[in-house]
Amino acid sequence: MKIIAFAASNHKKSINKQLVAYAAQLLTKSEVELLDLNDYELPLYSQDKEEELGHPQLAKAFLAKITESDGILISFAEHNGSYTVAYKNLFDWCSRIEPKVFQNKPMVLLSTSPGSMGASSVLATAIQSAPYFNGIVKASLSIPSFYDNFDSEKQQLKHQELDEQLKDAVSHLNHLK
């Protein structure tokens, strides 16, 4: 089985990248490819840009990664209660090529932030919207207070209960077939 994993952020030092990389290591029964949204940077989507450019190759390449996968693991960063511009823009371009972006793939959705809410607003939005784009959400988890609960040196959760919850969530992708 092949799982694609990425942080819905283009920040090079993203805490969501750290979280998704750790979660990906827990997928012991799958081949995991960690994607970086910086490799899929596109012009700001608009209908005018689409008419001018057509469908960019990078959006097609990202969709191909989804097509070739058996499951998806995403950790969402939250900007002002919503998706990051980098993620939303890539998603918008992809949805113009394939409206059912997630292509009936099972998904585990995560989020984290430095604050006590753990980016739960954007996670709730992602959970609610995924089925409209043929995403099958198997599990989700918000990790609050990232810097209190994650050991950046060891690159792992230090809070045992949260670590068990993460392992349980990710296990839904370990048992796909």
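Worth saying up front: this structure is predicted, and the values here are computed from it rather than measured.

Mapped onto the fold, Tyr-87 is located in helix α4 (residues 85-97). Taking C-alpha positions, Tyr-87 is 9.4 Å from Glu-41, a pair spaced 46 residues apart along the chain. Ignoring anything within four residues of it in the chain, the contact list for Tyr-87 reads Phe-6, Ala-8, Leu-37, Phe-76 and Phe-102.

A few words on the packing of helix α3 (residues 57-68) against α4. Where α3 meets α4, the closest approach of the two axes is 9 Å, and the angle between their N-to-C directions is 80°. Between α3 and α4, the angle falls in the class roughly perpendicular. Contacts between α3 and α4 pair Ala-59, Lys-60, Phe-62 and Leu-63 from the former with Leu-90, Trp-93, Cys-94 and Ile-97 from the latter. Along the lines of polarity and charge, the residues of the contact of α3 with α4 split into seven nonpolar, no polar and one charged.

The next thing to look at is the sheet that holds strand β2 (residues 31-35). As summarised here, the arrangement of the five strands in space is β2-β1-β3-β4-β5, forming an open sheet in which the pairing is parallel. Lying at the two open borders of the sheet, with one neighbouring strand each, are β2 and β5 (135-143). Neighbour to neighbour, the strand axes of the sheet diverge by 20° on average, direction disregarded. Both strand β4 (residues 105-112) and β5 contribute to a ladder of eight bridges, which runs parallel. Among the inter-strand pairings, Leu-110 is bridged to a residue of β5, identified as Leu-141. Packing against the sheet, helix α1 (residues 15-25) makes contact with β1 (2-8), β2, β3 (71-76), β4 and β5, and its axis sits at approximately 145° to β3.

The topology assignment puts Lys-105 in strand β4. The side chain of Lys-105 is buried and forms no salt bridge, while Asp-70, the nearest opposite charge, is found at 5.6 Å.

Below, the discussion takes up α4. In this model α4 runs 19 Å from its N-terminal to its C-terminal C-alpha over 13 residues, within 8% of the 18 Å that 1.5 Å per residue would give. Of all the positions in α4, only Tyr-87, Asn-89, Leu-90, Phe-91, Trp-93, Cys-94 and Ser-95 are classed as buried. Considering only its buried residues, α4 is in contact with β1, α2 (47-53), α3 and β3.

Let us look at helix α7 (residues 160-174). The first and last C-alpha atoms of α7 sit 20 Å apart over 15 residues, in line with the 21 Å expected at 1.5 Å per residue. For α7, every residue scored as buried is listed here: Leu-162, Asp-163, Leu-166, Ala-169, Val-170, Ser-171, Leu-173 and Asn-174.

This part takes up the side chain of Thr-84. Examined against the element boundaries, Thr-84 turns out to sit in the loop between β3 and α4. A distance of 3.2 Å separates a polar atom in the side chain of Thr-84 from the backbone nitrogen of Tyr-87. Among all residues touching Thr-84, those that are not within four sequence positions of it are Ala-8, Ser-9, Ala-77 and His-79.

Cut-offs applied
- Residues numbered from 1 in each chain as written.
- Predicted model: local features only at pLDDT ≥ 70, side-chain atom pairs only at ≥ 80, totals over all residues.
- Heavy atoms only, no water.
- Helix = DSSP H or I, 4+ residues; strand = E, 2+ residues; numbered from the N terminus.
- Contact = heavy atoms within 4.5 Å.
- Axes fitted to C-alpha atoms, helices over the stretch in contact; angles between N-to-C directions.
- Parallel < 35°, antiparallel > 145°, perpendicular 65-115°, else oblique.
- Nonpolar A, V, L, I, M, F, W, Y, C, P; charged D, E, K, R; others polar.
- Pairing = 2+ DSSP bridges.
- Buried < 20%, exposed > 50% of the residue type's maximum accessible area, 1.4 Å probe, protein only.
- Lys, Arg positive; Asp, Glu negative; His and termini not counted.
- Salt bridge = Lys/Arg side-chain N within 4 Å of Asp/Glu carboxyl O.
- Expected span 1.5 Å × (residues − 1).
- Polar contact = N/O pair within 3.5 Å; in protein donor to acceptor, adjacent residues only side chain to side chain.

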